[in-house]
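Next come the chains, spelled out residue by residue.
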Amino acid sequence: MENNRDATSVCDDVLIAIRRIIQRIDLHSKRLVKQFGLTGPQLIILREIQQAGEITASDISKAISVSQATVTGILDRLEKRGYLVRKKSDRDRRRVLVKITSAGEHLLAAAPPLMQESFTTQFAKLQTWEQHMILSALHRLVTLMDAKQIDAAPLLTTSILVPPSEESKGMPEAGPYRTTTVNP
């Protein structure tokens, strides 16, 4: 009987740790939106454009492991706000290049570092054996939570579950849900 209590206690501690990670990511995302009017994915894409100088939506999609449709939607919103411009390539008129504007540059100068940048810096300081131990434990959690089929990019942003029928009002209906980023 005592063994079950210990296992339950450890399981509860694991679930609490997972919840803390989710809450931390959520708080960071909310702070970005509140203070800078940007979501995490928008900030990531602006930084990618800034680093590249000029880049296509397809190249952004590949660089950050997000679908091209998602990138296009985010680019549309950022362009409407004046943070980037699109123009046809001088060399190949079929290609559309994206470039950051001075307003986008000013926004990036004021924006905080991405959450994964801080994580990456701290993670790199760990010894290799500890990095692999963490990775192994996380892979096991993914399996235990039946999350292997979830497509994920190395971006720390929050998502919401959207019911298949987006016209539904009130409480979401039961059934299959898809994950989508909140107002990317």
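Residues numbered from 1 in each chain as written. Predicted model: local features only at pLDDT ≥ 70, side-chain atom pairs only at ≥ 80, totals over all residues. Heavy atoms only, no water.

Asker: I keep staring at the overall build of the chain and nothing clicks. Help me out?
Answerer: The helix and strand inventory of the chain stands at seven helices and five strands. Listing every helix and strand of the chain by position from the N terminus yields α-α-β-α-α-β-β-α-α-α-β-β. In the chain, which comprises 184 residues, the proportion classed as buried is 28%. Carbon and sulfur atoms make up 56% of the accessible area of the chain, which amounts to about 12900 Å² in all. (Helix = DSSP H or I, 4+ residues; strand = E, 2+ residues; numbered from the N terminus. Buried < 20%, exposed > 50% of the residue type's maximum accessible area, 1.4 Å probe, protein only. Areas by Shrake-Rupley, 256 points an atom, 1.4 Å probe, with all protein chains shown as cover.)

Asker: Quick question: what am I supposed to make of the pattern of salt bridges here?
Answerer: Two side chains bearing opposite charge may form a pair once their charged atoms approach each other closely. Tallied over the full model, the rule gives six salt bridges. For glutamate 54, the salt bridge is made with lysine 87, and the minimal N-O distance between the two is 3.2 Å. Taken together, the residues glutamate 54 in strand E1 (residues 54–55) and lysine 87 in strand E2 (residues 84–88) connect sequence positions 33 residues apart. Exposure remark for glutamate 54: the relative accessible area of 33% places this residue in the partly exposed category. Lysine 87 sits in the partly exposed class, given a relative accessible area of 36%. One continuous salt-bridge network, built from bridges that share partners, spans Asp76, Glu79 and Arg86. (Salt bridge = Lys/Arg side-chain N within 4 Å of Asp/Glu carboxyl O.)

Asker: Please clarify how the nonpolar core should be interpreted in this entry.
Answerer: Generally speaking, soluble globular proteins have nonpolar side chains that are buried together. In terms of nonpolar packing, the biggest core is built from 25 residues, with Ile45, Leu46, Ile49, Ile60, Leu75 and Leu78 touching the most fellow members. Breaking this core down by element, the ones donating at least two residues are helix H1 (2–36), helix H2 (40–52), helix H3 (57–64), helix H4 (68–80), strand E3 (96–100) and helix H5 (102–110). By residue number, the principal contributor to this core is H2, which donates five residues. Once you skip the residues sitting within four places of it in the chain, isoleucine 45 turns out to touch Ile60, Ile64, Val71, Ile74, Leu75 and Leu78. (Core = buried A, V, L, I, M, F, W, Y, C linked by side-chain atoms within 4.5 Å. Contact = heavy atoms within 4.5 Å.)

Asker: In this structure, what is going on with helix H7 (residues 128–144)? I would like to understand it.
Answerer: Side chains three or four residues apart in an α-helix point the same way, a direct result of the helix having 3.6 residues per turn. If you check H7, its first and last C-alpha atoms are 24 Å apart, about what 17 residues at 1.5 Å a residue would give, namely 24 Å. Remark: aspartate 146 follows H7 within two positions and exhibits a positive phi of approximately 50°. (Expected span 1.5 Å × (residues − 1).)

Asker: So what exactly am I meant to see when it comes to the sheet that holds E2 here?
Answerer: In a beta sheet, neighbouring strands are held together by backbone hydrogen bonds and run either parallel or antiparallel to one another. As summarised here, the arrangement of the three strands in space is E1-E3-E2, forming an open sheet in which the pairing is antiparallel. Every other strand in the sheet has two partners, leaving E1 and E2 as the edge strands with one partner each. Direction of pairing for E1 relative to E3: antiparallel, over a ladder of two bridges. Counterpart to glutamate 54 in the pairing with E3 is lysine 99. H4 contacts E2 and E3 of the sheet and is inclined by roughly 115° relative to E2. (Pairing = 2+ DSSP bridges. Axes fitted to C-alpha atoms, helices over the stretch in contact; angles between N-to-C directions.)

It is worth stressing that arrangement in space is one thing and function is another; only the former is reported here.
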